[in-house]
Amino acid sequence: MSKTEHNEVILQVKNLRQYFRLGRKGIVKAVDDVSFDVYKGETLGLVGESGSGKTTTGRSIIRLYDPDGGEVYFEGNRIDGPMDKKTKKLLTKNMQMIFQDPQASLNGRMTVGDIIAEGLDVHGLYTSKQDKMKKVYEMLETVGLNREHASRYPHEFSGGQRQRIGIARALILDPKIVIADEPISALDVSIQAQVVNLMNELKKERD
Ligand SMILES: Nc1ncnc2c1ncn2[C@@H]1O[C@H](COP(=O)(O)OP(=O)(O)OP(=O)(O)O)[C@@H](O)[C@H]1O
Ligand SMILES: [Mg+2]
């Protein structure tokens, strides 16, 4: 864990709980009383055996699930329960997730350009079609792909390239925090280092 000099807490997780109810078979306490802080510019790694709740923790924080208990604050705004419009927007723009399996997490019917631009569309963050495509092209180049890739579909790419698409999609909104759920474990060993290096560079560039 390395803290930057400003020591600004960006994400605060307090006693997070996420249970899964399995009907008559009972309940899985996937996340139970998890607390940690993440500072601006910091990388925090969550380590634990399979099934210990790492993925669920990430998904609960970014609100793919509704937490059963505890508190989560993003830049001081509470995000674990009902949120007003402004907070919701803050969250969807500034917190992004990169998933373990780039194959499963990219919509195969959308072009790579549309996948990467989706967040821009949602938040209306461009002035014209040209402006939007310029942002998409820049992002493709940032992750080591190129503009010709924008019109192609995810299945036309290798695993490593697909994960780069996932990273581009996550970063185009310039999020303040990225939750990466084993972003390299589905990749060949030979390309794992490339993706890690890319993420490190982007972290340095964008804090
Ligand atoms: N949607 C779900 N419904 C029911 N149970 C779930 C669900 N998602 C996860 N679980 C259970 O919650 C627990 C934590 O799972 P989770 O996927 O968070 O673990 P993990 O630490 O990410 O594991 P891995 O290292 O294998 O990815 C496991 O017991 C899992 O079976
Ligand atoms: Mg997991």
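Before reading further, recall that the structure is shown in the block above.
Report on the accompanying structure. (Residues numbered from 1 in each chain as written. Chains lettered and ligands numbered in written order. Predicted model: local features only at pLDDT ≥ 70, side-chain atom pairs only at ≥ 80, totals over all residues. Heavy atoms only, no water.)

### Observations regarding the sheet that holds strand E3 (residues 69–74)
Across the sheet, four strands lie side by side as E2-E1-E3-E4; this open sheet has antiparallel pairing. Every other strand in the sheet has two partners, leaving strand E2 (27–39) and strand E4 (77–78) as the edge strands with one partner each. Sheet analysis places strand E1 (residues 9–21) next to E2, joined by ten bridges and oriented antiparallel. Its bridge partner being in E2, Gln-12 is matched across the sheet by Asp-37. Contacting E1, E2 and E3, helix H1 (residues 54–61) runs over the sheet at an angle of about 115° to E1. (Pairing = 2+ DSSP bridges. Helix = DSSP H or I, 4+ residues; strand = E, 2+ residues; numbered from the N terminus. Contact = heavy atoms within 4.5 Å. Axes fitted to C-alpha atoms, helices over the stretch in contact; angles between N-to-C directions.)

### What to know about the nonpolar core
Across soluble globular proteins, nonpolar side chains have a tendency to be buried as a group. Membership of the largest hydrophobic core comes to 27 residues, with the highest contact counts inside it found for Ile-116, Ile-165 and Ile-167. Where this core is concerned, the elements lending two or more residues are helix H4 (112–123), helix H5 (129–142), helix H6 (159–171) and helix H7 (189–206). With residues near it in sequence (within four places) discarded, Ile-165 still touches Leu-106, Val-112, Ile-115, Ile-116, Leu-145 and Phe-157. Counting residues in each nonpolar core, the second largest holds 18 residues, with Phe-36, Ile-61, Val-72 and Ile-79 among its members. (Core = buried A, V, L, I, M, F, W, Y, C linked by side-chain atoms within 4.5 Å. Buried < 20%, exposed > 50% of the residue type's maximum accessible area, 1.4 Å probe, protein only.)

### A word on H1
Residues of H1 that are buried: Thr-56, Thr-57, Gly-58, Ser-60 and Ile-61. At its buried positions, H1 is contacted by E1, E2, E3, strand E5 (95–98) and strand E6 (177–180). One or two positions beyond H1, positive phi appears at Arg-63, with a value near 70°.

### Looking at the site of ligand 1
Neighbouring ligand 1 are 14 residues, the closest being Ser-50, Gly-51, Lys-54, Thr-55 and Thr-56. Between ligand 1 and the protein, one listed contact pairs an oxygen atom with a side-chain N or O atom of Ser-50 at 2.6 Å. One of the side-chain nitrogen or oxygen atoms of Thr-56 is found 2.5 Å away from an oxygen atom of ligand 1. Calculation on ligand 1 without its partners gives an accessible area of 640 Å², and the protein chains cover 64% of this total. At the level of secondary structure, the elements contributing two or more residues to the shell around ligand 1 comprise E2 and H1. Each residue belonging to the shell around ligand 1 can be placed in one class, and the counts come to five nonpolar, six polar and three charged. (Near = heavy atom within 4 Å. Polar contact = N/O pair within 3.5 Å; in protein donor to acceptor, adjacent residues only side chain to side chain. Areas by Shrake-Rupley, 256 points an atom, 1.4 Å probe, with all protein chains shown as cover. Nonpolar A, V, L, I, M, F, W, Y, C, P; charged D, E, K, R; others polar.)

Shape is all these values report; function is a separate question.
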